[in-house]
Amino acid sequence: MSHPFFGADPDALLAEDPEIAEVLFKELNRQRTNLQLIASENFTSSAVLAALGSTLSNKYAEGYPGKRYYGGCEEVDVAEEIGIARAKALFGAEHANLQPHSGASANIAVYQAFTKPDDTVLAMSLAEGGHLTHGSKVNFSGKWFNVVSYGVRKEDERIDYDELERLAHQHKPKMICSGATAYPSLIDFKRIREICDAVGAIMWVDAAHFIGLVAGKAIPSPVPYADAVSFTTHKVLRGPRGGMILCKAEHAAAIDKSVFPGMQGGPIMSAVAAKAVALKECATPEFHSYAKQVIINCVELAKAMEREGMRAVSGGTETHLALIDIRSTGVNGKVADERCGRSGITLNKNAIPFDPEKPSVTSGIRVGTAATTTQGMGASEMGQIASLIARAIRDGEDEAKAKEIQADVHALTAKFPVYPAPSA
Ligand code: DSN
């Protein structure tokens with residue numbers, strides 16, 4: 001292939017739709033110049049973006065490789081087969097399904113494969129770090145299932161495994177879910193497997209946040225223990241926006257049927273191909289070093305936030321994210337989020353365990369190091385980032401001071417450019 005032209009042409013977009021081209025231009029500029037600290041975001045490679053913006057987007061491919069409901073799937077079949085093989089090899093999984101459009105879609109498929117409406121499911125409370133799809137009352141999971149929640153201990157803000165075990169014996173859930181969106185510590189999957197076995201529950205791990213660290217061999221894997229592991233592909237894993245499910249061979253047919261035709265129609269084959277590209281990148285020594293550095297950076301960032309007078313929930317982090325209790329600043333999470341945004345720092349307000357504030361206000365912020373580590377930042381930059389966040393929380397209401405902080409943010413990010421500079 002000497003002419004790597006796959007159909008996507010920026011010049012065509014510029015000529016045909018300058019309004020949308022301008023959005024793309026400005027978003028690239030925002031990502032290059034501001035600090036990206038949202039723990040669930042990252043910068044994919046240009047190779048992943050090329051697969052995503054390709055003609056594979058045009059193809060209907062309902063079904064699975066070799067068993068499609070449409071003709072002309074011979075090329076996309078190859079992409080999906082390569083992706084499945086890479087996922088199985090990378091994670092040592094018995095089966096992989098790359099078709100879920102998102103993490104929530106993957107989770108719906110897991111519920112449907114293993115449970116029926118009104119069944120009891122044990123999952124981590126959203127207020128203490130879980131996810132909407134783990135039983136929130138405003139989500140299908142909380143509406144259709146009897147979800148019993150477990151949480152963290154007050155004294156150390158780590159999962160209360162004894163409570164989890166007690167609840168499992170009391171409620172006899174059909175399925176136990178572990179995994180969270182705002183939990184900085186490692187999860188004891190062996191202990192959860194033992195609890196599942198004792199009560200005959202399916203063990204489901206929603207690994208969306210940390211699967212990239214598992215892929216990079218930086219933290220222990222849930223795959224040997226779990227019946228099914230669902231996740232998004234765009235967080236530390238650094239793939240395209242989308243979902244994926246790994247499972248034991250005995251559950252392969254149930255999971256595949258649950259994804260299609262149970263929950264989705266045609267897969268987005270450009271996203272499936274882009275997932276395959278990301279999985280290849282994850283198997284490299286460079287990605288392994290990256291995953292380890294993400295954690296080193298986050299540990300440093302949490303320590304630096306403590307030096308700035310704020311408290312890291314659970315005493316720090318063992319992963320890619322830290323949850324910071326900012327009550328000492330006298331500013332709530334909502335206001336801190338807004339002040340940081342005004343200062344060129346993108347992060348999110350987040351409830352801390354036993355938060356006295358409403359979920360729309362919160363007493364904390366969540367910070368992650370997936371994106372800044374992709375940029376090449378190291379431990380020494382984490383101190384600067386903590387100081388910029390502290391300045392923004394303190395002074396970001398004042399427009400002139402917010403501009404000063406923004407200028408310092410831009411000076412830092414200019415040293416670590418992501419993607420080639422756009423030419424206007
Ligand atoms: N929205 C994601 C997060 O930020 O953690 C979870 O789905």
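All values reported here derive from a predicted model rather than from experimental measurement.

To continue, consider the overall build of the protein chain. Of the regular secondary structure elements, the protein chain holds 16 helices and 15 strands. When its C-alpha atoms are laid out on the principal axes, the protein chain stretches across 60 × 60 × 40 Å. Per-residue burial over the protein chain gives 55% buried out of 424 residues. Accessible area for the protein chain stands at about 18,100 Å²; split by element, carbon and sulfur atoms hold 55% of it. Across the protein chain, the mean location of the 44 positive side-chain charges is 2 Å away from that of the 50 negative side-chain charges.

This brings us to helix α4 (residues 74–91). Compared with the 26 Å implied by 1.5 Å per residue over 18 residues, the 26 Å span of α4 between its first and last C-alpha is a close match. Taken together, the buried positions of α4 are Val76, Asp77, Ala79, Glu80, Gly83, Ile84, Ala87, Leu90 and Phe91.

So, on to unusual backbone geometry. Cis rather than trans, the peptide bond between Phe260 and Pro261 has omega equal to 10°. Tracing the backbone shows Pro261 in the loop between α10 (252–259) and α11 (269–282). Of note, the phi angle at Asp118 is positive, near 80°, even though the residue is not glycine. Among the residues examined, Asp118 registers a relative accessible area of 64% and is labelled exposed. Positioned with a positive phi, Glu157 is a non-glycine residue whose angle comes to about 60°. You can see Glu157 is positioned in the loop between β6 (146–150) and α7 (161–171).

Taken together, Ser40, His131, Thr181, His209 and Arg366 form the complete shell of residues around the ligand. Between Ser40 and the ligand, the recorded distance is 2.7 Å, taken from a side-chain N or O atom to an oxygen atom. At 2.8 Å, a side-chain N or O of Arg366 approaches an oxygen atom of the ligand. The fraction of the free accessible surface of the ligand (230 Å²) that becomes covered by protein chains is 63%. More than half of the atoms of the ligand fall within 2 Å of the grid points belonging to the second largest pocket. By residue class, the composition of the shell around the ligand is no nonpolar, four polar and one charged.

Attention shifts here to the pairing of strand β7 (residues 175–178). By the alternation rule, side chains of β7 split into Met175 and Cys177 and Ile176 and Ser178, which are all buried. Pairing of β7 with strand β8 (residues 202–206) involves four bridges; the strand directions are parallel. In the sheet register, Ser178 faces β8, and the bridge partner there is Val205. A crossover connection joins β7 to the parallel β8 through helix α8 (residues 189–199); in handedness this β-α-β unit is right-handed.

This next bit is on empty space enclosed by the protein. One pass over the structure, following the stated rule, counts one cavity of 30 Å³ or more. Taken together, 13 residues make up the lining of the largest cavity; nearest its centre are Ser185, Leu186, Ile187, Phe210 and Thr319. Looking at side-chain class alone, the lining of the largest cavity contains nine nonpolar, four polar and no charged residues.

Turning next to the side chain of Asp160. Position of Asp160 among the secondary structure elements: in the loop between β6 and α7. Despite its burial, Asp160 pairs with no opposite charge, the nearest such side chain being Arg153 at 4.7 Å. Not counting residues within four places of it along the chain, the set of residues in contact with Asp160 comprises Gly151, Val152 and Arg153.

What follows deals with the environment of Gly142. Following the sequence through the fold, Gly142 ends up in helix α6 (residues 140–144). For the pair Gly142 and Glu399, spaced 257 residues apart in sequence, the C-alpha to C-alpha distance is 42 Å. With sequence-adjacent residues up to four places away left out, Gly142 is seen in contact with Gly135, Ser136 and Lys137.

In this section: the packing of α4 against α11. For any two helices packed against each other, one specifies the crossing angle of their axes together with the interaxial distance. α11 packs onto α4 with a crossing angle of 35° between their chain directions and a minimal axis gap of 8 Å. α4 and α11 meet at a crossing whose hand is left-handed. Facing α4, whose interface residues are Val76, Ala79, Glu80, Gly83, Arg86, Ala87, Leu90 and Phe91, α11 presents Met269, Val272, Ala273, Ala276, Val277, Leu279, Lys280 and Cys282. Residue classes in the contact of α4 with α11 are distributed as twelve nonpolar, one polar and three charged.

A few words now on the layout of surface pockets. If you add up the space inside the largest pocket, you get close to 1,500 Å³. Pro10, Leu24, Leu28, Leu49 and Tyr419 are the residues nearest the centre of the largest pocket, which is lined by 42 residues in total. It is helix α2 (residues 18–33) that provides the largest number of residues to the lining of the largest pocket, a total of eight residues. Its residues placed into classes, the lining of the largest pocket shows 22 nonpolar, twelve polar and eight charged. Estimates place the volume of the second largest pocket at around 670 Å³. As for the second largest pocket, its lining consists of 35 residues, of which Leu126, Gly130, His131, Leu132 and Thr181 are closest to the centre. At the level of secondary structure, the elements contributing two or more residues to the lining of the second largest pocket comprise α5 (103–114), β9 (228–232) and β14 (348–350).

Reading guide: rules and limits
- Residues numbered from 1 in each chain as written.
- Predicted model: local features only at pLDDT ≥ 70, side-chain atom pairs only at ≥ 80, totals over all residues.
- Heavy atoms only, no water.
- Helix = DSSP H or I, 4+ residues; strand = E, 2+ residues; numbered from the N terminus.
- Buried < 20%, exposed > 50% of the residue type's maximum accessible area, 1.4 Å probe, protein only.
- Areas by Shrake-Rupley, 256 points an atom, 1.4 Å probe, with all protein chains shown as cover.
- Lys, Arg positive; Asp, Glu negative; His and termini not counted.
- Charge placed at Lys NZ, Arg CZ, Asp CG, Glu CD.
- Expected span 1.5 Å × (residues − 1).
- Near = heavy atom within 4 Å.
- Polar contact = N/O pair within 3.5 Å; in protein donor to acceptor, adjacent residues only side chain to side chain.
- 1 Å grid on protein atoms, 1.4 Å probe; cavity = no way out; pocket = protein on both sides within 12 Å on 5 of 7 lines; lining within 4 Å.
- Sits in = over half its atoms within 2 Å of the grid points.
- Nonpolar A, V, L, I, M, F, W, Y, C, P; charged D, E, K, R; others polar.
- Pairing = 2+ DSSP bridges.
- Right-handed = clockwise from strand over helix to strand, strands pointing away.
- Points joined across faces, edges and corners; volume = space filled by probe spheres on them.
- Salt bridge = Lys/Arg side-chain N within 4 Å of Asp/Glu carboxyl O.
- Contact = heavy atoms within 4.5 Å.
- Axes fitted to C-alpha atoms, helices over the stretch in contact; angles between N-to-C directions.
- Left-handed = near helix turned anticlockwise from the far one by under 90°.

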